[in-house]
Amino acid sequence: MGLISCAYSFNILQGRRSGPAAFVGLIPSNNHELLSIPHFLNVCVSLSNGLIEAVGHDADIQEKYGSTKFDRVIDAAGMSVLPGLIDGHTHPVWAGDRVHEFAMKLAGATYMEVHKAGGGINFTVEHTRSASEDELYTLFRDRLLRMVRAGTTLVECKSGYGLEVDTEIKMLKVIQRAKRELPIEISSTFCGAHSVPRGSTMEQATDDVINVQLPRLQDLMKSGDLEVDNIDVFCEKGVFDVPSTRRILQAGVDAGLAINFHGDELHPMNSAELGAELKARAISHLEEISDAGIKAMADSGSVAVILPTTAYILRLTPPPARKMIDSGVVVALGSDFNPNAFCLSMPMTMHLACVNFRMSMNEALAAATINAAASVGRAETHGSLEVGKVGDLVIIDAPRWEHLIYQLAGHDHLIKYVVKKGEVIHSAT
């Protein structure tokens, strides 16, 4: 059992007892939107069996636990405590970087121009297909641990650089291994429809995902060899059109997967309207979402996962984050870590969201915690510091939590502790 005390100090105790610290709580409404981010002093958080057991003023916690001894005490005087960060969209299993493409983009090449020149997703597919499972795991493990050091405690991870059954399953097995062996929590996504493989048509690729890849995935899920949560499709001009996307997403739902897909990124595709109609849990990108799509998502409750790093690197028109928020859409954030957008840091992602998407710091924090939890179906258990929720915390060496967003870099010095299910999984000391 552990405890966190606050009085412009923060003490985490794992076992049974504590003292004082500066605590930031997220108060979510029923639809996971942020109502307020209060600052509390002289507050304690008690952790037991991986869950938050109590949150209250220091005197009340002291009275409740009396002389109880905790397994561990962390003196966090002058620090701030926040919920663990949640990354709502990543592509972290791949081999072969695309650093050579960065110069092309700086020279003005668009995403689809790079793709048509033999780069982009298909370049990564070639290298990922040739890599062994162990090679992919080694690369993936390093990336996840870097995410942890940046405060991420739960991350959505996609396949999608196989585009054929054997490599897609290999990627999902790598993700499954990380679930077993690493302290970070993962929501896994099957993204066999990430692109149309070379030599195939969209129709052929759609049939392959539905009739070959998904049945194999279902068999492995039934046998317990794989646990997969979501189905994803890149719904985009020149990739998968709306009818093909609908077919694949519906097949995923029939296989027991939640819809969490790419939409309206480079061209207006009416993906948001499609996702709302299918009751998608989440739709990502949305740079080209229509006003009708915004209304449909607000009405359906589908979460918008917006990706500041991709819009920044590709120099895209930013998604209308302000209009979505003001219209009642639940907005979450993702780093979109992939060979095209090499960012493993949610604090950097939040900073870009505030500067480039005009989000407030409160909105960015909610988007990287409670709303991101909603995007992977875990808002009831993750994303805020509430009794009964999973004990995921980030402790930063600053008297105000806003430093996590305000500071453009150097988060390795700012983040002192990362706690997952009540256990310290990263310490900068």
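Note: the structure precedes this text.
Everything in this summary refers to the structure shown in the same document. (Residues numbered from 1 in each chain as written. Predicted model: local features only at pLDDT ≥ 70, side-chain atom pairs only at ≥ 80, totals over all residues. Heavy atoms only, no water.)

Counting across every chain of the model gives 3 cavities of 30 Å³ or more. The computed volume of the largest cavity comes to approximately 130 Å³. Along the wall of the largest cavity there are 15 residues; nearest its centre are His91, Tyr111, His194, Asp336 and Asn338. Tallied by class, the residues present in the lining of the largest cavity amount to 5 nonpolar, 7 polar and 3 charged. Of the volumes computed, that of the second largest cavity is approximately 60 Å³. Lining the second largest cavity, in full, are Pro83, Gly84, Ile86, Thr153, Thr381, His382, Gly383, Ser384, Val390 and Asp392. Each residue belonging to the lining of the second largest cavity can be placed in one class, and the counts come to 3 nonpolar, 6 polar and 1 charged. (1 Å grid on protein atoms, 1.4 Å probe; cavity = no way out; pocket = protein on both sides within 12 Å on 5 of 7 lines; lining within 4 Å. Points joined across faces, edges and corners; volume = space filled by probe spheres on them. Nonpolar A, V, L, I, M, F, W, Y, C, P; charged D, E, K, R; others polar.)

In terms of burial, strand β12 (residues 152-158) is a largely internal element, 7 of the 7 residues being buried. Of the strand pairs in this sheet, strand β11 (residues 85-87) and β12 are connected by 3 bridges, and their pairing is parallel. Bridge pairing in β12 links isoleucine 86 to leucine 154. As judged from the 5 bridges shared by β12 and strand β13 (residues 185-193), these two strands associate in the parallel manner. Directly across from valine 155, in β13, lies its bridge partner isoleucine 186. (Buried < 20%, exposed > 50% of the residue type's maximum accessible area, 1.4 Å probe, protein only. Helix = DSSP H or I, 4+ residues; strand = E, 2+ residues; numbered from the N terminus. Pairing = 2+ DSSP bridges.)

The subject of this paragraph is the packing of aromatic side chains. On inspection of all chains with the given rule, the structure shows 3 aromatic pairs. Relative to phenylalanine 342, the ring of tryptophan 94 lies with its centre 6.1 Å away and its plane at 85°, an arrangement referred to as edge-to-face. Placement of tryptophan 94 in the loop between β11 and α2 (99-106) and of phenylalanine 342 in the loop between β18 (331-333) and α13 (346-356) is noted, with a sequence separation of 248 residues between them. Classification of tryptophan 94 by relative accessible area gives buried; the value is 1%. By way of ring pairs, the aromatic residues Trp94, Phe337 and Phe342 are connected into one cluster. The ring of tyrosine 137 has arginine 177 lying over it, and the distance from NZ or CZ to the ring centre is 3.8 Å. (Phe/Tyr/Trp six-rings, centres within 6.5 Å; stacked < 30°, edge-to-face > 60°. Lys NZ or Arg CZ within 6 Å of the ring centre and 35° of its normal.)

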